[in-house]
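Listed here are the chains, written in short residue letters.
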Amino acid sequence: MDDIKVSICTLSYNQKDYIAQCLDGLLAQRCDFDYEILIHDDASTDGTADIIRDYASRYPDIIKPIFETENQFSKNIKNISGIFNFPRARGEYIAMCEGDDYWNDTNKLQLQSDYLDVHPQCSMCFTSAYQESTGVVISKTQMRPYEGDRILTPVEIINKTVSYPTASLMMRAELFKNLPDYYMQAPIGDIPMQLTMAAGGYGYYIDKPMCAYRYFAPGSWTRDMYTGEGFKTKQQSYEKQLIQMYDDFDD
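Reading the values: the criteria
- Residues numbered from 1 in each chain as written.
- Predicted model: local features only at pLDDT ≥ 70, side-chain atom pairs only at ≥ 80, totals over all residues.
- Heavy atoms only, no water.
- Helix = DSSP H or I, 4+ residues; strand = E, 2+ residues; numbered from the N terminus.
- Contact = heavy atoms within 4.5 Å.
- Buried < 20%, exposed > 50% of the residue type's maximum accessible area, 1.4 Å probe, protein only.
- Core = buried A, V, L, I, M, F, W, Y, C linked by side-chain atoms within 4.5 Å.
- Pairing = 2+ DSSP bridges.
- Right-handed = clockwise from strand over helix to strand, strands pointing away.
- Phe/Tyr/Trp six-rings, centres within 6.5 Å; stacked < 30°, edge-to-face > 60°.

Focus on the environment of Pro65
Right, so step 1: Along the chain, the position of Pro65 falls in strand 3 (residues 63-67).
Right, so step 2: C-alpha separation for the pair Pro65 and His40, spaced 25 residues apart in sequence, amounts to 5.8 Å.
Right, so step 3: Among residues more than four places away in sequence, those in contact with Pro65 are Ile39, Ile52, Ala56 and Arg88.

Have a look at this one:
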């Protein structure tokens, strides 16, 4: 597998109940090219790493894991994809899927890469998603930023009023080889990722739910941000860092 076209980048931390479904969805892709799965486990303590090791032993040519012995996020390293996964991506394109999310369409990689192949000015391709909530309230709704397939201008991406499902993103890897300071210093990874793509071209949206986003899952950013002691302080700090990130991007 020397000619990798897509590098799938995955982050995991204490997601033993979800990681197998995530990996199964990535491995089920039907496409006419080779791809790799780059997964970074941030020192999970619940058995997630053991599940990843089992999959990596069965698919050694596809799954390339990194296992941390110390949790990097707790050391204030927020953009783990940019530090640990993007630099080792061999593909022309990068596709995202966090360890608690999953893909439910086996044609996702083929469909998105086909569009990017024939539209070189397009820097990102994304889809709608099912949004699943776990815990006390369990529901399944669709995360649908727009109605109908459409092109998004860079300005629309930057000024969007809705969230894009991170698990749906595919982008050009060349944009993420030399990341700017605003990206590496941001308090979260998906927003600067989208800003970087907006600076590199336009976006294309496919109005089809090809993945699922789990909201408030254990080990997730949303659970960490909105629960626990001092969660209001965390949100205020996040807001200030986000404003600084936009100012740096604007500069």
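Following the structure, the description resumes.
Let's talk about unusual backbone geometry
Right, so step 1: Positive phi values are uncommon outside glycine, yet Asn14 reaches one of about 50 degrees.
Right, so step 2: Phi at Asn76 takes a positive value of approximately 70 degrees, unusual for a residue other than glycine.
Right, so step 3: Following the sequence through the fold, Asn76 ends up in the loop between strand 3 and helix 3 (80-85).
Right, so step 4: Judged by relative accessible area, which is 56%, Asn76 ranks as exposed.

Observations concerning the nonpolar core
Right, so step 1: Counting 33 residues, the largest nonpolar core has Val6, Ile8, Leu26, Ile37, Ile63, Trp103 and Leu109 as its most contacted members.
Right, so step 2: The leading source of residues in this core is helix 1 (residues 19-27), at five residues.
Right, so step 3: When near neighbours in sequence (up to four residues on either side) are disregarded, Ile37 contacts Ile8, Thr10, Leu23, Leu26, Leu27, Ile62, Ile63 and Lys64.
Right, so step 4: Grouped together as the second largest cluster of nonpolar side chains are 30 residues, Met96, Tyr164, Met197 and Leu242 included.

Comments concerning helix 1
Right, so step 1: For helix 1, every residue scored as buried is listed here: Ile19, Cys22, Leu23, Gly25, Leu26 and Leu27.
Right, so step 2: Buried positions along helix 1 lie against strand 1 (4-12), strand 2 (34-41), helix 2 (48-58), strand 3 and strand 5 (102-103).

Focus: the pairing of strand 3
Right, so step 1: Bridge count for strand 2 against strand 3 is five bridges, and the pairing is parallel. Opposite Ile37, over in strand 3, you have Ile63 as the bridge partner.
Right, so step 2: As a crossover connection, the stretch from strand 2 through helix 2 into strand 3 is right-handed.

A few points about the packing of aromatic side chains
Right, so step 1: What the rule picks out here adds up to six aromatic pairs.
Right, so step 2: With a centroid separation of 5.3 Å and 45 degrees between ring planes, the pair formed by Phe126 and Tyr205 is classed as tilted. In this pair, Phe126 is assigned in strand 6 (residues 122-133) and Tyr205 in strand 10 (residues 202-215), connecting sequence segments 79 residues apart.
Right, so step 3: By the ring-pair criterion, three or more aromatic residues cluster together here, those being Phe126, Tyr146, Tyr164 and Tyr205.

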